[in-house]
Protein chains: 2
Amino acid sequence: MKTELERIAPMDIERRSFEIITSELPHPIDAALAPIIKRVIHTTADFEYADTLCFSEDVVAQALAAIRGGAAIVTDTTMAQAGINKRMLAKHGGSVRCFIGDEDVAETARKNGTTRSIESMKKAATVVEGPVIFAIGNAPTALVQLYEMIREGAISPALVIGVPVGFVNVVQSKELIMQAGVPYIVARGRKGGSNVAAAILNALIYMLGRE
Amino acid sequence: MKTELERIAPMDIERRSFEIITSELPHPIDAALAPIIKRVIHTTADFEYADTLCFSEDVVAQALAAIRGGAAIVTDTTMAQAGINKRMLAKHGGSVRCFIGDEDVAETARKNGTTRSIESMKKAATVVEGPVIFAIGNAPTALVQLYEMIREGAISPALVIGVPVGFVNVVQSKELIMQAGVPYIVARGRKGGSNVAAAILNALIYMLGRE
């Protein structure tokens with residue numbers, strides 16, 4: 001195994017990484033989607049995402065308009081919240097909200113026999129005003145709850161990033177959200193994660209300019 | 001694609017997930033390491049980790065002793081910090097520190113032409129007292145810095161979790177840390193991440209009891 005380090009300036013590491021990703025892509029990808037697909041691969045070192053990421057029609061333009069308009073981001077985990085570039089998001093007026101740790105959310109989940117993830121989505125639907133982007137990297141129950149609230153007309157998200165990871169109801173929750181009639185970016189299958197959710201959001205934010 | 005949800009109580013989802021993981025493992029795994037390997041697969045839905053995770057001799061016993069002894073955890077990202085079960089860690093007296101966002105770290109990195117990741121490890125070596133577990137899920141430069149400080153005798157970590165992800169110096173940094181002579185858990189190759197670092201730590205914490 002090689003242990004000799006490549007000599008490279010810190011500021012050049014990301015550029016070099018994206019060059020390697022581009023050179024190793026399993027097939028050509030849509031130029032409009034490339035920054036998102038490549039950033040997810042950058043975050044995971046997993047080229048499967050070149051095949052599993054699914055995008056609704058015209059979703060990038062819609063997502064960028066929402067971010068530019070100061071849309072709030074709601075995540076299902078504090079990990080996703082931690083991974084989003086909040087400083088650059090704030091330049092467009094947006095901020096990241098996560099209700100999973102709230103005491104009232106835990107209490108309602110206990111009382112209703114549901115999950116904190118479900119109740120955190122319900123709380124978001126009640127307390128967050130204006131356009132909202134949901135970024136779900138962990139809980140399929142959160143994604144199913146969004147699907148139900150959308151179908152009931154209770155919410156109309158500007159974008160749903162649906163990339164929960166796991167083995168129980170994860171595949172199904174992603175298929176459902178793609179039928180909800182709202183803009184989506186979804187990682188089909190079992191894979192995903194809070195890191196993937198954050199990477200997709202950061203890719204969108206960076207498309208509006210890095211400085 | 002199936003969209004019919006499996007009916008399952010929230011409290012049973014994790015148990016069911018681990019059953020599925022166990023049934024789909026590509027080969028038998030060491031029983032002492034199984035909780036760690038399975039939790040990483042649970043976090044990533046990626047069975048490659050059954051082959052890439054590397055453990056130093058007797059590392060689980062050493063790691064559990066360190067956590068039980070109240071070892072501090074130092075991460076390279078706020079995402080890893082967010083993902084660790086800090087409530088359960090606190091029961092053993094431990095807490096999670098991350099210096100990546102500190103203003104003095106950013107300033108020193110600028111002055112030295114290094115990375116914030118490198119300087120955050122140097123700061124940890126200076127300010128964190130007692131036994132330390134380093135959990136590196138993002139920056140190979142942080143892992144290389146740890147290697148150098150270990151070789152110089154400046155630090156002697158109770159455990160290094162070396163699971164940065166990426167394309168430049170990531171593979172090499174992991175091979176280096178496995179030669180440093182300290183207890184390690186490493187995901188060989190390009191894959192890893194802050195989520196993987198947190199999952200490994202949580203697996204260890206849960207081995208000491210979930211309640």
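All figures in this text were calculated on a predicted structure; none of them were measured in a lab. The residue count restarts for each chain, going from 1 along the sequence in the order it is written. Naming scheme: in the order in which they are written, chains are lettered from A and ligands are numbered from 1. Only residues with pLDDT of at least 70 are given local features in this predicted model, and only at 80 or more are side-chain atom pairs given and counted; all residues enter the totals for whole chains, interfaces and linings. The basis for every side-chain value is the complete set of heavy atoms in the structure, and neither hydrogens nor water enter the calculation.

1. Focus: the overall build of chain A
Okay, step 1: By the criteria applied, helices consist of DSSP H or I runs no shorter than four residues and strands consist of E runs no shorter than two, each listed in order from the N terminus. In terms of regular secondary structure, chain A is built from eleven helices and six strands.
Okay, step 2: Relative to the globule expectation of 17 Å for 211 residues, the C-alpha radius of gyration of chain A, 17 Å, shows essentially globular dimensions.
Okay, step 3: Reported as C-alpha extents along the three principal axes, the dimensions of chain A are approximately 55 × 35 × 35 Å.
Okay, step 4: Here's how the labels work: a residue is buried when its accessible area is under 20% of the maximum for its type, exposed when over 50%, partly exposed in between, all with a 1.4 Å probe on protein chains only. Burial analysis of chain A (211 residues in total) assigns 60% to the buried set.
Okay, step 5: Long-range contacts, defined as pairs at least 24 residues apart, comprise 63% of the intrachain contacts of chain A with a sequence gap of at least 6.
Okay, step 6: Using the Shrake-Rupley algorithm and a 1.4 Å probe, accessible areas are obtained, with residue cover drawn only from the displayed protein chains. Put simply, chain A shows about 8,800 Å² of open surface, and 48% of that area lies on carbon and sulfur atoms.
Okay, step 7: We score Asp and Glu as negative and Lys and Arg as positive, and we do not count His or the chain ends. Lys charges are placed at NZ, Arg charges at CZ, Asp charges at CG and Glu charges at CD. Seen as two clouds, the 22 positive and the 23 negative side-chain charges of chain A have centres 3 Å apart. Restricting the calculation to C-alpha atoms gives the radius of gyration, and the globule rule supplies 2.2 Å times the number of residues raised to the power 0.38. Note on definitions: a residue-residue contact is assigned when non-hydrogen atoms from the two residues lie within 4.5 Å.

2. Points about the relation of the copies chain B and chain A
Okay, step 1: Superposition of the copies was done by least squares, using only C-alpha atoms of residues whose pLDDT is at least 70 in both. Of the two same-sequence chains, chain B is brought onto chain A (RMSD 0.0 Å, axial shift 0.0 Å) by a rotation of 180°. Both chain copies can therefore be described as sitting about a two-fold axis. Among all residues of chain B, the one whose C-alpha sits closest to the rotation axis is Met79 of chain B, at a distance of 2.4 Å.
Okay, step 2: Both copies present the same face, since 100% of the interface residues in chain B are matched by interface residues at the equivalent positions in chain A.

3. What to know about helix 4 (residues 59–68) of chain B
All names here are of chain B.
Okay, step 1: Here helix 4 has its buried residues at Val59, Val60, Ala63, Leu64, Ala66 and Ile67. One face of helix 4 carries all of its buried residues, which in axial projection span an arc of 160°.
Okay, step 2: Of the residues trailing helix 4, Gly70 is marked for its positive phi of about 85°. The arc in question is the one traced by the directions running from the helix axis out to the C-beta atoms.

4. Let's talk about the interface of chain B and chain A
Okay, step 1: Chain B puts 45 residues into the contact, and the matching count from chain A is 45 residues.
Okay, step 2: The term buried area refers to how much accessible surface (probe radius 1.4 Å) is lost by two components on association, counted for both of them together. Approximately 3,700 Å² of surface area, both sides summed, lies buried where chain B meets chain A, with 70% of it carried by carbon and sulfur atoms.
Okay, step 3: Together, Met79, Phe167 and Val168 of chain B form the three largest contributors to the area buried by chain B at its contact with chain A, with a combined 19%.
Okay, step 4: Salt bridges are counted wherever a side-chain nitrogen of Lys or Arg sits within 4 Å of a carboxyl oxygen of Asp or Glu. At the surface where chain B touches chain A, the tally comes to four salt bridges.
Okay, step 5: Counting of polar contacts relies on pairs of N or O atoms within 3.5 Å, with two restrictions inside protein: one atom must be capable of donating a hydrogen and the other of accepting it, and residues adjacent in sequence are counted only when both atoms are side-chain atoms. Counting the contacts that link chain B with chain A gives seven residue pairs in polar contact (both at pLDDT 80 or more).

5. Topic: unusual backbone geometry
Okay, step 1: One non-glycine residue with positive phi stands out, namely Ala45 of chain A, at about 55°.
Okay, step 2: For Ala45 of chain A, the position within the fold is in the loop between helix 2 (34–44) and helix 3 (49–52).

6. So, the environment of Ile21 of chain A
Okay, step 1: Checked against the element boundaries, Ile21 of chain A lands in helix 1 (residues 13–24).
Okay, step 2: For Ile21 of chain A and Arg39 of chain A, which are 18 residues apart along the polypeptide, the C-alpha to C-alpha distance reads 9.2 Å.
Okay, step 3: Each residue touching Ile21 of chain A, except ones within four places of it in the same chain, is listed here: Lys38, Ile41, His42 and Phe47 of chain A together with Phe167 of chain B.

7. Description of the pairing of strand 5 (residues 159–162) of chain B
All names here are of chain B.
Okay, step 1: The two faces of strand 5 match: Leu159 and Ile161 on one face and Val160 and Gly162 on the other face are all buried.
Okay, step 2: Alignment of strand 4 (residues 132–136) against strand 5, held across four bridges, turns out to be parallel. By the bridge assignment, Phe134 is partnered in strand 5 with Val160.
Okay, step 3: At least two DSSP bridges between two strands are needed for those strands to be called paired. Taken together, the three bridges between strand 5 and strand 6 (residues 184–187) define a ladder with parallel strand orientation. Considered in strand 6, the bridge of Gly162 is made with Val186.

8. Looking at the packing of aromatic side chains
Okay, step 1: Centres within 6.5 Å are what make two rings of Phe, Tyr or Trp a pair, Trp counting through its six-membered ring; a difference in plane orientation under 30 degrees is then read as stacked, over 60 as edge-to-face, and the rest as tilted. Under the counting rule described, the total for this entry stands at two aromatic pairs over all chains.
Okay, step 2: Here Phe47 of chain A and Phe167 of chain B contribute two aromatic rings whose centre-to-centre distance is 6.0 Å and whose plane-to-plane angle is 75°, an arrangement assigned as edge-to-face. Placement of the pair is Phe47 of chain A in the loop between helix 2 and helix 3 and Phe167 of chain B in the loop between strand 5 and helix 10 (170–177), with the two residues belonging to separate chains.
Okay, step 3: Residue classification places Phe47 of chain A among the buried residues on the basis of a relative accessible area of 18%.
Okay, step 4: Note on Phe167 of chain B: relative accessible area 9%, which makes it buried.

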